[in-house]
Amino acid sequence: MSSISPADVKVGTTGDGGGPRQPGRVSLGGISLNLRSSGIYIAFALIIVLFSVLTDGALLTPQNISNIIVQNSYVLILAIGMILIIIAGHIDLSVGSVVAVTGALAAVLMVNMGWPWPLALLATLVAGALIGAWQGYWIAYFGIPAFIVTLAGMLLFRALTLTVLGNQGIGPFPDQVRTLANGFTDGYLGNVGLGPLGGADLFSLLIGIVAIAGMVAAQWRTRGARKGYGQTVEPMALFVLKMAAGAALILFLVVQLARFKNLPWVLVLLAILVLAYSLMANRTVFGRQIYAIGGNLQAAVMSGVKVKSVVFWIFVNMGVLSAIAGIIFAGRLNQAGPTAGNAFELDAIAAAFIGGAAVQGGVGKVVGAITGGLIMAVINNGMSLIGSPSERVMLVKGAVLLAAVAFDVWTKRRAGAAR
């Protein structure tokens, strides 16, 4: 996916004779870039380059890339739901505890009670939805602030986890669940030689080519739609450059994974979720209503948006995604433990804000939240590779989060001053 959307690039509106300079934009050779929306991707690229140099290339080895995805998949899943809640102007502090309790439920059903794993997973997802509905009711229909409700939920569901598990874990999980969390796609079509890179799974490479074609087609369609509505679009040369950069990134990632153990199944799941939620947020009425509620609640109410219903359902959705993350995390460890999910809510919230979500709601993208989560993952992984102590890792992550939020506040103040 391209790192800079067509809406983020304008030509000839930089204050250098082509119109007033817009807050949060910088001019590069007559091209104006919106740092608020595209800066996160530039920062991500710079962080990758930095740690690639510091680790002598170890960061981008096939095995390490695979480890980054598998080890952080549950946080990325949580970030998808969290960004929607933050866009709507709310917060959810309970997701870590919901991860723990749903993982414990899945373990009890599959290991202790002997339920078939598909039925147990379905029951776990339903339980996650019910937890989300419980919290969504108090927030949407009873009017209690989300901070208070989910703080209570964090305590309640952690207590329930400890009640179910005590001080012991439950495992092992069935092979199918472990495969979903830790497994890789099979080499359906065999390997193909890549010269000095060695062999790589042909099926994974074909999936990467299909993903690139889909990205280009979607961006071309978006560009055409903007032109049809008379909106400004970037020059064709810049569009081609963006597509080439995005294609190179996808191809590099897929080639590296195909050289190791093929595509992780959890990456396939993540790709499906990101695509589905991006389409929902950008192309459906429900998605536009989420942005409307966070951007201007009173205007949304006057426009006929059923605010209570929308808020209720985004918390139900968060419960389901927390249950998926709980299953993935428990499957990766091959047991459900009482300390599962500790501080996951902080990682998910940090991913959303680093990924471009506005503190007051109304702004954010699913892809941005995933990028924010990956930034945290690369910092964790890179600093681990260079032997940094845990307190230094926390220091850097805290500084990155503070910088991201400070930048959001700064751009808003500049926008207000410009008016």
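Residues numbered from 1 in each chain as written. Predicted model: local features only at pLDDT ≥ 70, side-chain atom pairs only at ≥ 80, totals over all residues. Heavy atoms only, no water.

**Here we look at the overall build of the protein**
Alright, step 1. Along the protein, the regular secondary structure elements total 15 helices and five strands.
Alright, step 2. Considering only intrachain contacts with a sequence separation of at least 6, the fraction spanning at least 24 residues in the protein is 73%. (Helix = DSSP H or I, 4+ residues; strand = E, 2+ residues; numbered from the N terminus. Contact = heavy atoms within 4.5 Å.)

**Points about the nonpolar core**
Alright, step 1. The biggest cluster of nonpolar side chains holds 83 residues, and the ones touching the most others in it are Ile-77, Leu-78, Ile-80, Ile-83, Tyr-277, Ile-290 and Leu-321.
Alright, step 2. No other element matches the 17 residues that helix α2 (residues 62-87) contributes to this core.
Alright, step 3. Residue contacts for Ile-77: discarding those within four places in its chain leaves Leu-269, Leu-270, Leu-273, Leu-321, Ile-324, Ala-325 and Ile-328.
Alright, step 4. Residues Val-108, Ala-120, Val-177 and Ile-327 belong to the second largest nonpolar core, which totals 15 residues. (Core = buried A, V, L, I, M, F, W, Y, C linked by side-chain atoms within 4.5 Å. Buried < 20%, exposed > 50% of the residue type's maximum accessible area, 1.4 Å probe, protein only.)

**Digging into helix α8 (residues 236-260)**
Alright, step 1. If you check α8, its first and last C-alpha atoms are 36 Å apart, about what 25 residues at 1.5 Å a residue would give, namely 36 Å.
Alright, step 2. Regarding α8, the residues found buried are Leu-238, Phe-239, Lys-242, Met-243, Gly-246, Ala-247, Ile-250, Val-254, Val-255, Gln-256, Leu-257 and Ala-258.
Alright, step 3. Just past α8, the residue Asn-262 takes up positive phi, approximately 75°. (Expected span 1.5 Å × (residues − 1).)

**Overview of the packing of aromatic side chains**
Alright, step 1. Going through the model one piece at a time under the given rule, you end up with eleven aromatic pairs.
Alright, step 2. With 4.9 Å between their ring centres and 75° between their planes, Trp-138 and Phe-142 make a pair best called edge-to-face.
Alright, step 3. By way of ring pairs, the aromatic residues Trp-134, Tyr-137, Trp-138, Tyr-141, Phe-142, Phe-312 and Trp-313 are connected into one cluster.
Alright, step 4. Taking NZ or CZ as reference, Arg-223 lies 5.4 Å from the ring centre of Phe-239, over its face. (Phe/Tyr/Trp six-rings, centres within 6.5 Å; stacked < 30°, edge-to-face > 60°. Lys NZ or Arg CZ within 6 Å of the ring centre and 35° of its normal.)

**A word on the side chain of Ser-388**
Alright, step 1. Looking at the secondary structure, you find Ser-388 in the loop between α14 (366-385) and α15 (390-418).
Alright, step 2. Other than its neighbours up to four places away in sequence, Ser-388 contacts Met-383 and Val-393.

**A few points about the confidence of the model for the protein**
Alright, step 1. Per-residue confidence for the protein gives a mean pLDDT of 84, with 87% of residues at or over 70.
Alright, step 2. Within the protein, helix α4 (residues 117-140) carries the highest mean pLDDT (95), whereas strand β1 (residues 9-11) carries the lowest (37).
Alright, step 3. Contacts from residues 1-23, a stretch scored under 50 in pLDDT, to residues over four places away or in other chains number 64 contacts. (pLDDT = per-residue confidence, 0-100.)

**Let's talk about unusual backbone geometry**
Alright, step 1. Even without a glycine there, the phi angle at Asn-334 is positive, about 65°.
Alright, step 2. Position of Asn-334 among the secondary structure elements: in the loop between α12 (307-333) and α13 (344-354).
Alright, step 3. Of note, Ala-343 is a non-glycine position whose phi angle comes to about 70°, a positive value.
Alright, step 4. Mapped onto the secondary structure, Ala-343 falls in the loop between α12 and α13.

**Examining α13**
Alright, step 1. Within α13, nine of the eleven residues are buried, which leaves the element mostly enclosed by the surrounding structure.
Alright, step 2. Those residues of α13 that fall on the buried side of the exposure criterion are Phe-344, Glu-345, Ala-348, Ile-349, Ala-350, Ala-351, Ala-352, Phe-353 and Ile-354.
Alright, step 3. At the C-terminal side of α13, Gly-356 shows a positive phi close to 110°.

**As for the packing of helix α9 (residues 265-283) against α12**
Alright, step 1. At their nearest, the axes of α9 and α12 sit 12 Å apart, and the two run at 170° to each other. Between α9 and α12, the crossing angle belongs to the class labelled roughly antiparallel. Residue-level inspection shows Val-266, Leu-269, Leu-273 and Tyr-277 of α9 in contact with α12, the latter providing Asn-317, Leu-321, Ile-324 and Ile-328. (Axes fitted to C-alpha atoms, helices over the stretch in contact; angles between N-to-C directions. Parallel < 35°, antiparallel > 145°, perpendicular 65-115°, else oblique.)

**Examining the packing of α4 against α12**
Alright, step 1. Closest axis-to-axis distance for the α4/α12 pair is 7 Å, and the angle between their directions is 145°. Along this stretch, α4 crosses α12, giving a crossing that reads as right-handed. Across the interface between the two elements, Leu-121, Thr-124, Leu-125, Gly-128, Ala-129, Gly-132, Ala-133, Gly-136, Tyr-137, Ile-139 and Ala-140 from α4 touch Lys-308, Val-311, Phe-312, Phe-315, Val-316, Gly-319, Val-320, Ala-323, Ile-324 and Ile-327 from α12.
Alright, step 2. Its residues assigned to classes, the contact of α4 with α12 comprises 15 nonpolar, five polar and one charged. (Left-handed = near helix turned anticlockwise from the far one by under 90°. Nonpolar A, V, L, I, M, F, W, Y, C, P; charged D, E, K, R; others polar.)

**Topic: the pattern of salt bridges**
Alright, step 1. The final tally for this structure, using the stated rule, is two salt bridges.
Alright, step 2. Between Asp-175 and Arg-178 there is a salt bridge, and its shortest N-O distance comes to 2.2 Å. Here Arg-178 and Asp-175 lie together in helix α6 (residues 175-182), a separation of three residues that amounts to about one turn.
Alright, step 3. Since its relative accessible area comes to 26%, Arg-178 is described here as partly exposed.
Alright, step 4. Across the pair Lys-397 and Asp-347 runs a salt bridge whose closest N-O atoms are separated by 3.9 Å. Here Asp-347 lies in helix α13 and Lys-397 lies in helix α15, a separation of 50 residues in the sequence.
Alright, step 5. Judged by relative accessible area, which is 24%, Asp-347 ranks as partly exposed. (Salt bridge = Lys/Arg side-chain N within 4 Å of Asp/Glu carboxyl O.)

**Details of the side chain of Thr-55**
Alright, step 1. On the secondary structure map, Thr-55 appears in the loop between α1 (35-54) and α2.
Alright, step 2. For Thr-55, a relative accessible area of 10% puts it in the buried group.
Alright, step 3. Looking at Thr-55, its side chain comes within polar contact range of the main-chain nitrogen of Leu-59, at 3.2 Å.
Alright, step 4. The residues contacting Thr-55, other than those within four sequence positions of it, are Gly-382, Leu-385 and Ile-386. (Polar contact = N/O pair within 3.5 Å; in protein donor to acceptor, adjacent residues only side chain to side chain.)

**Things to note about the environment of Leu-119**
Alright, step 1. Locating Leu-119 in the fold gives a position in helix α4.
Alright, step 2. Sequence-wise, Leu-119 and Ala-106 are 13 residues apart; in three dimensions their C-alpha atoms are separated by 9.8 Å.

**Comments concerning the environment of Val-285**
Alright, step 1. If you trace the backbone, Val-285 turns up in helix α10 (residues 285-295).
Alright, step 2. Residues Val-285 and Val-305, spaced 20 residues apart in sequence, show a C-alpha to C-alpha distance of 9.8 Å.

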